[in-house]
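Chain residues, written in single-letter form:
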Amino acid sequence: MIDVNQEYTRELKCEYKGERYKVRDNGAVLRMTREGKPKRPKDDIWTFGDRIDRGYAWFCGEAVHRIVAIAFLGEPPTKQHVVDHIDTNRQNNRPENLRWLTKLENILLNPITKAKIEYWCGSVESFLADPSQLRGHENEDANFAWMRAVSPTEAQNTLANWERILSKPRPENKSRGNAIEEWIFEHNSAYKNDFDFLKSLEPIKKEETPSPVAKNEPTFSLKSVHVITEKPKEQPITKKEFMATLLEICESEGWDYKKYYKTTTWKTDLLITIGNQRIAFSAYNSAKNAAKSLPLIEQAGVKIFGLVLSPKKDDTLNFGCFNLHRNGNTLETTIAKTKLPFDSFVKKAVKDKVIHLTTAKITAVDVIFEQIECWHCHKPHFVFYTRYLVDKNGTRYDDDYFDNECIENNELNIPNLQFGNEILELVKKYINEHPEKSIIMGEVKERYSKTSNQSYISFGCPNCDAIVGDWFLNDLEMSLIYETDENRMNRIQLMTPFEIPVNDWIIVD
Ligand SMILES: [Zn+2]
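Residue positions are given per chain, counted from 1 along the sequence in the order it is written. A pLDDT threshold of at least 70 governs which residues receive local features in this predicted model, and a stricter bar of 80 or more applies before side-chain atom pairs are shown or counted, although totals over entire chains, interfaces and linings include all residues. Computation of side-chain values covers all heavy atoms of the structure but excludes hydrogens and water.

1. What about the overall build of the protein?
Okay, so step 1: The numbering of helices and of strands both runs from the N terminus, where a helix is a DSSP run of H or I of at least 4 residues and a strand a run of E of at least 2. Across its full length, the protein holds 14 helices and 21 strands.
Okay, so step 2: Each residue is assigned to one of three classes by its accessible area relative to the maximum for its type, calculated with a 1.4 Å probe on protein chains only: buried under 20%, partly exposed between the two thresholds, exposed over 50%. Classification of the 509 residues of the protein by burial places 49% in the buried group.
Okay, so step 3: Contacts are assigned to residue pairs that have any heavy atoms within 4.5 Å of one another. Counted over contacts in the protein with a minimum sequence separation of 6, partners at least 24 positions apart contribute 57%.
Okay, so step 4: Calculation of accessible area relied on Shrake-Rupley with a 1.4 Å probe; when residues are assessed, cover is drawn exclusively from the protein chains displayed. For the protein, the exposed surface amounts to about 26,600 Å²; the carbon and sulfur share of it is 49%.

2. Topic: the coordination of the zinc ion
Okay, so step 1: In the first shell of the zinc ion, the protein supplies Cys-374 (SG), Cys-377 (SG), Cys-461 (SG) and Cys-464 (SG), at 2.3 Å from the metal.
Okay, so step 2: Donors, by definition, are the N, O and S atoms found within 2.8 Å of a metal, the threshold being 3.2 Å for Na, K and Ca, and water is not counted, so a site can look incomplete. Key to geometry: four donors with every angle between 85 and 135 degrees are tetrahedral; four donors are square planar and six octahedral where opposite donors lie over 155 degrees apart and all remaining angles lie between 65 and 115; all other sites are irregular. One can describe the site at the zinc ion as tetrahedral: its four donor atoms subtend angles covering 104 to 116° at the metal.
Okay, so step 3: Summarised as a motif, the one-chain spacing of the donors to the zinc ion is C-x2-C-x83-C-x2-C. Here Cys-374, found in the loop between β16 (354-373) and β17 (380-391), pairs with Cys-464, found in the loop between β20 (454-458) and α14 (470-480); they are 90 residues apart in sequence, far enough to count as distant.
Okay, so step 4: Since its relative accessible area comes to 2%, Cys-374 is described here as buried.
Okay, so step 5: With relative accessibility at 29%, the residue Cys-464 sits in the partly exposed group.

3. A few points about the packing of helix α9 (residues 239-253) against helix α11 (residues 342-350)
A pair of packed helices can be characterised by two numbers: the angle between their axes and the separation between those axes.
Okay, so step 1: Geometry is summarised by axes, namely lines fitted to C-alpha atoms with helices restricted to the contacting stretch, and by angles between N-to-C directions that run from 0 to 180 degrees. Relative orientation of the contacting elements α9 and α11 amounts to 55°, with a least axis distance of 10 Å. As summarised for this structure, α9 and α11 are arranged oblique, according to the angle between their axes. Crossing hand, α9 versus α11: right-handed. Residues Phe-242, Thr-245, Leu-246, Ile-249 and Glu-253 of α9 form the contact with α11, whose own contacting residues are Phe-342, Asp-343, Val-346 and Lys-347. Here is the rule for angles: anything less than 35 degrees is roughly parallel, anything more than 145 is roughly antiparallel, 65 through 115 is roughly perpendicular, and the remaining ranges are oblique. Each crossing gets its hand from how the near helix is turned against the far one by less than a right angle, where anticlockwise is left-handed and clockwise is right-handed.

4. Examining the sheet that holds β17
Okay, so step 1: The criterion for strand pairing is that DSSP finds at least two bridges linking the strands in question. Spatially, the four strands line up as an open sheet ordered β18-β17-β16-β21, and their pairing is antiparallel. Each of the sheet's edge strands pairs with one partner strand only, and the pair in question is β18 (396-397) and β21 (490-507).
Okay, so step 2: Both β16 and β21 contribute to a ladder of 12 bridges, which runs antiparallel. Note on β21: the bridge partner recorded for Val-367 is Asn-490.

5. Focus on the confidence of the model for the protein
Okay, so step 1: pLDDT: the predictor's confidence for each residue, scored from 0 to 100. Of all residues in the protein, 80% attain a pLDDT of 70 or more, and the chain-wide mean is 79.
Okay, so step 2: Confidence, expressed as mean pLDDT per element, reaches its minimum in the protein at helix α7 (residues 173-187) with 39 and its maximum at helix α13 (residues 421-433) with 96.
Okay, so step 3: Below pLDDT 50 for its whole length, residues 172-231 participates in 95 contacts with residues either more than four positions away or in separate chains.

What follows is the structure in structure tokens.
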């Protein structure tokens, strides 16, 4: 055990979330007493952390590696960046062992994910050069889902950095990487099962029609094969079409409306007046244009709904702006992850049933139980994954709110929904109350992992107590983040509800 006061050569100061720290290059931190405030018990003490959770060292609820990274590497390039431990040892918080990576870069370094991508696309580089080569194959395996979500820009940026990322080899990475592979293919049938999906998958080929099912065992030395099947381009939606739909609704509903309404400071395509309420609809060619106009209309006390005509990509829009797509002969928009015909959307919007939410009170979660096979004794057992947060109205929120990054950043005051005490207690209770589901789950506790040479909180085998490794779990979760099968959801009511900030438009009935 090294001493916090020894084995360091540099000491820097930094500020992080309103606290000032001194940080040493041996990974030790000291939180300074706040000016004019009384000294707290843990102030002015050098430490490597006061708690280990999920393999990481924490100090007063903050991840120590984040404090060290900010002091020695500077602020993260974007909010989406996470700290990577280059040697994969989560407690080695020496600055030379840390770097900022995007989430995507981080995922691509997972050896199992990497093996899958190499199988499908030949190499990670080939995948990044053209992420669309996986398009059209989404339904073959749930694992495609997140890869499909990679935007061309994100892929390009990652590709530009990829060589640099690989140039910092993980010190034991080579042997460890091989060890993992050997383990997967020779000793670990759970991992083998994980690769079973490959048997039902033909590597992507230049074909218009769906590939036939592969009959042979998969090999892992496949060459890169590109496929680009462009979706037929949808005819762009014109403003004329947009207006025609709107006017038809106005006439049939008998609303009082004005076309192309204009004042000195703002203008809108359609202004509807009902009592003392004014509701407007405007079409834009891009989200950027909408962003300029909408605030002006809103300032005038008008409830405005902006529609982006045939958006190139589905942007997350921070204001009352929605994307408009063509679906056959009708127009449709997406709200609360549901597609809605444009005319229904307009009627609901005018009747005040399209509502903007800024906070949601989470009272339940939907978890998925996934059966896996123990790599050691080969008996089946289960692990669980928290798929959705559910508010009191039953609206679901995605994992953006509780993924590792958020928890790691501690940005939101939300409980640990993977290994926190409450969720574990409730999951156990749920399993007991649902014997018909035959869920057998081992204890969640700290276990030692030979592959990564460290201990961390993990799922384990109820029969032989073997660890469910981090890489494996991570990869498993990656395949569940887009799971939508209702039959797999298990709703668990929380004892302690909590609030999350949201920026969501929902439909109320
Ligand atoms: Zn076992």
